[in-house]
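Fold and contact review
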Amino acid sequence: MSSWFELLTDNFDELASGFWVTFRLVGASFGVAIVVGAIVAALRIAPSKWLPRFGGVYVETFRNIPLLGLLLISYSGLRRAGVPIGPWTAGIASLGLYTAAYVAEVLRAGVFAVSRGQIEAALSLGFDHPQTLRRIVLPQAVRTVISPLGSITIAMIKNSAIIGAALAINDILKEARIISSRTFETDAAFFWAAVGYLLLTATATVAFRQLERRYAIRR
Amino acid sequence: MGYLFDPDNWEWVVTSNNVEFLLEGFLVNLQIAIIAMAFSLIVGLALALSRLSRNTALRFVAGLWVDVWRNLPLIFVILYLALALPPSWRDAYENAAPEFLPDVLQTGRVFAALLALVLYNSAVLAEIMRAGIQSLDRGQNEAAIALGLSYWQRMRIVILPQGLRRMLPATVSQLITLNKDTTLVSIIAIQEVIRHGRILTGFNFFGGVQAPLLQVFIFIGLMFIVTNLALSRLSRRLEIRERARTGTTVEPVSGLEDQVAMAEPR
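Residues numbered from 1 in each chain as written. Chains lettered and ligands numbered in written order. Predicted model: local features only at pLDDT ≥ 70, side-chain atom pairs only at ≥ 80, totals over all residues. Heavy atoms only, no water.

1. Observations regarding the overall build of chain A
- Across its full length, chain A holds nine helices and zero strands.
- Secondary structure elements in chain A, listed N-terminal to C-terminal, are α-α-α-α-α-α-α-α-α.
- For chain A, the C-alpha atoms occupy an extent of roughly 70 × 50 × 20 Å along the three principal directions.
- Taken over 219 residues, chain A has a buried fraction of 49%.
- Long-range pairs, those at least 24 residues apart, make up 74% of the contacts in chain A with a sequence separation of at least 6.
- Accessible area for chain A stands at about 10500 Å²; split by element, carbon and sulfur atoms hold 65% of it.
- In chain A, which carries 21 positive and 13 negative side-chain charges, the distance between the mean positions of the two groups comes to 15 Å. (Helix = DSSP H or I, 4+ residues; strand = E, 2+ residues; numbered from the N terminus. Buried < 20%, exposed > 50% of the residue type's maximum accessible area, 1.4 Å probe, protein only. Contact = heavy atoms within 4.5 Å. Areas by Shrake-Rupley, 256 points an atom, 1.4 Å probe, with all protein chains shown as cover. Lys, Arg positive; Asp, Glu negative; His and termini not counted. Charge placed at Lys NZ, Arg CZ, Asp CG, Glu CD.)

Pasting the structure below:
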């Protein structure tokens, strides 16, 4: 066990930089996922014939394609097509757009969880569609989506490891592999990477639980 | 955009043996998914029953086990096992692998991949099964006890038939996730569809013109979308049937994106 701590102290800079890279990948992808997910969810609940279908196609496409395939399309594929896309852009766009499909579904479910009668009441009081959404539906929907958004964030932290495995980005898993191939201490190197991931997922769990508590409806 | 819609590039994808080669790789993915699913269901059931056991120690250990494997990235587990499994295990797998499996699946490397997929998915399935069993009315179990049934009789006759039927839609959703996850084994050089796509596009054709990599991988993506859409239709139909029959839904399991997306109208 003492050699495991030695491995940590000897390679702390590499592991820390890998941790930081994973953190930044997750943070940036989360931003993309929330923005795109909100837009797609808005499309799916729009009072129109074609917009919801368009949103539906987005969700079904990005939810059913492997993330690794998405990474290869957006990086190797686009590069071969002559688009000079970098690994960071491709990685963040892939993970963000992939997760956005799940975010969109959760947001839509949150909106549907608000009872029909409230929407009808708002409409009969003379609110128009955007007003009903903004004043009545969204404030209540936000509460119900916090917990599932937490699950999605944790899944996203785990999925970020695929980016490092597929593209030239030195995230924490990649650093662990480099250390392991140099020192042959596979168990220790992977153990510390696991600690890194569990730190991130545990932080996300606590953060979302706090949010949930803050926005809980007190009755 | 011109490149993407250039008919020549698409024609290249479907010429001669290219499609066949990709489909061959995709078949390996499906086989890995089915094998891993079969074992995950068995292990998952054992874990779920352990988590619901009256024995505190067993419950604690099973809970810890499930939480660890569920919260680690799958690709992490695959890479770790590929490096850390003793060679003797791999040899044992090569000797034990049944003859009817394709050659790709008889190599020792596949063992690490299958083990990782089973470790991860059985943990997820254990949570789904636990939710399914716990969604049953307490009275079911109490009535079975009152009738004098033993633990195994209660499970076999009363609890599991109802609980497992309720988790069927969630299990199909997990199969979709597993199907997507099988592409990750390409990272440890197992010859499945992603590898086949890379082999196909690694060469130069047409006298120095590079193979249309973008189109090949879009084609691979479409294969997954078609298969998984069919599975999710099935899942939705099962869900609707189950809700119509029992009027209940299983609580969504946290950490499972697919379940979250399905838990929509209550």
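That was the structure; now back to the text.
2. Some points on a nonpolar patch on the surface
- A contiguous nonpolar surface patch, about 350 Å² in accessible area, is contributed by B:Phe39, B:Leu41, B:Ile42 and B:Val43.
- In this structure, B:Phe39 sits in helix H3 (residues 18–51). (Patch = residues over 30% accessible without salt bridge, like charges linked within 9 Å, V, L, I, M, F, W, Y side chains within 5 Å. Salt bridge = Lys/Arg side-chain N within 4 Å of Asp/Glu carboxyl O.)

3. Description of the packing of aromatic side chains
- Per the counting criterion, the structure on display carries 13 aromatic pairs over all chains.
- A ring pair is formed by A:Tyr197 and B:Phe76, whose centres lie 6.2 Å apart and whose planes are at 75 degrees; its orientation type is edge-to-face. Pair noted here: A:Tyr197 is in helix H9 (residues 186–215) and B:Phe76 is in helix H5 (residues 74–84), and the two residues belong to different chains.
- Overall, the relative accessible area of 5% leaves B:Phe76 in the buried class.
- The residue whose ring lies beneath A:Arg53 is A:Trp50, and the NZ or CZ to ring-centre distance is 4.9 Å. (Phe/Tyr/Trp six-rings, centres within 6.5 Å; stacked < 30°, edge-to-face > 60°. Lys NZ or Arg CZ within 6 Å of the ring centre and 35° of its normal.)

4. A short note on the confidence of the model for chain B
Residues and elements named next belong to chain B.
- Averaged over chain B, the pLDDT score is 83; the fraction of residues at 70 or greater is 89%.
- Confidence drops under a pLDDT of 50 for residues 257–266, and excluding neighbours within four residues, the segment shows 28 contacts in the predicted structure.
- Across the interface, the model reports ipTM at 0.87; the global pTM reads 0.87. (pLDDT = per-residue confidence, 0-100.)

5. Re the layout of surface pockets
All names here are of chain B.
- Here the largest pocket is characterised by a volume of approximately 570 Å³.
- If you trace the largest pocket, you find 15 residues lining it, with Leu52, Ile133, Asn141, Met155 and Ile159 closest to the centre.
- Elements represented by at least two residues in the lining of the largest pocket include exactly helix H7 (109–134), helix H8 (138–146) and helix H9 (151–166).
- Grouping the amino acids of the lining of the largest pocket by side-chain chemistry returns seven nonpolar, three polar and five charged. (1 Å grid on protein atoms, 1.4 Å probe; cavity = no way out; pocket = protein on both sides within 12 Å on 5 of 7 lines; lining within 4 Å. Points joined across faces, edges and corners; volume = space filled by probe spheres on them. Nonpolar A, V, L, I, M, F, W, Y, C, P; charged D, E, K, R; others polar.)

6. Brief notes about the nonpolar core
- Within the largest apolar cluster, 115 residues are counted, with the highest numbers of intra-cluster contacts made by A:Leu173, B:Ile75, B:Phe76, B:Val77 and B:Ile220.
- When residues in this core are grouped by element, the largest group, 15 residues, is from H7(B).
- Beyond its immediate chain neighbours, meaning those up to four positions away, B:Ile75 contacts A:Ala161, A:Ile162, A:Ala165, A:Leu173, B:Leu184 and B:Ile187.
- By size, the runner-up hydrophobic cluster in this structure holds eight residues, among which are B:Ile133, B:Ala144, B:Ile159 and B:Leu160. (Core = buried A, V, L, I, M, F, W, Y, C linked by side-chain atoms within 4.5 Å.)

7. Topic: the interface of chain A and chain B
- Facing the 42 residues of chain A at the interface are 40 residues of chain B.
- Across the chain A/chain B interface, buried area totals approximately 3800 Å², and carbon plus sulfur atoms make up 70% of it.
- Counting the surface chain A buries against chain B, the share from its top three residues, A:Asn64, A:Arg80 and A:Lys158, is 20%.
- In this structure, B:Arg236 engages A:Glu60 in a salt bridge whose closest nitrogen and oxygen atoms are separated by 4.0 Å.
- Counting across the chain A and chain B interface gives eight residue pairs in polar contact (both at pLDDT 80 or more).
- Put simply, the parts of the chain that give the side of chain A that touches chain B at least two residues each are helix H3 (51–64), helix H4 (67–80), helix H5 (87–113), helix H7 (129–166), helix H8 (172–183) and H9 of chain A. (Buried area = accessible area lost by both parts, 1.4 Å probe. Polar contact = N/O pair within 3.5 Å; in protein donor to acceptor, adjacent residues only side chain to side chain.)

8. Digging into the pattern of salt bridges
- This structure, assessed with the given rule, holds 11 salt bridges over all chains.
- For the salt bridge of A:Glu105 with A:Arg63, the shortest nitrogen-to-oxygen distance reads 3.8 Å. Residue A:Glu105 is located in helix H5, and its partner A:Arg63 is located in helix H3; the two are separated by 42 residues in the primary sequence. A single burial state applies to A:Glu105 and to A:Arg63, both of which are buried.
- Of the charged contacts in the structure, one is a salt bridge between B:Arg130 and B:Glu127, with a shortest N-O distance of 3.1 Å.

9. Considerations on the side chain of B:Ser173
Residue and element names in this part refer to chain B.
- Looking at where Ser173 falls in the secondary structure, it is placed in helix H10 (residues 168–181).
- Given a relative accessible area of 3%, Ser173 falls into the buried group.
- Here Ser235 takes part through its side chain, which lies 3.5 Å from a polar atom of the side chain of Ser173.

10. Looking at the packing of H8(A) against H9(A)
Residue and element names in this part refer to chain A.
- Remark: H8 packs on H9, axes separated minimally by 8 Å, with the N-to-C direction vectors making an angle of 165 degrees. Taken as axis vectors, H8 and H9 run roughly antiparallel relative to one another. Here the hand of the crossing between H8 and H9 comes out right-handed. Every residue of H9 that contacts H8 at Ile172, Leu173, Ala176, Arg177, Ile179 and Ser180 is listed here: Thr186, Ala189, Phe190, Trp192, Ala193, Gly196 and Tyr197.
- Classifying every residue of the contact of H8 with H9 by side-chain character gives nine nonpolar, three polar and one charged. (Axes fitted to C-alpha atoms, helices over the stretch in contact; angles between N-to-C directions. Parallel < 35°, antiparallel > 145°, perpendicular 65-115°, else oblique. Left-handed = near helix turned anticlockwise from the far one by under 90°.)

11. With respect to the environment of A:Ser160
Residue and element names in this part refer to chain A.
- Mapping Ser160 onto the fold places it in helix H7.
- Taking C-alpha positions, Ser160 is 16 Å from Ala16, a pair spaced 144 residues apart along the chain.
- Setting aside residues up to four positions removed in sequence, Ser160 forms contacts with Thr22, Leu25, Val26, Leu95, Asp171 and Tyr197.

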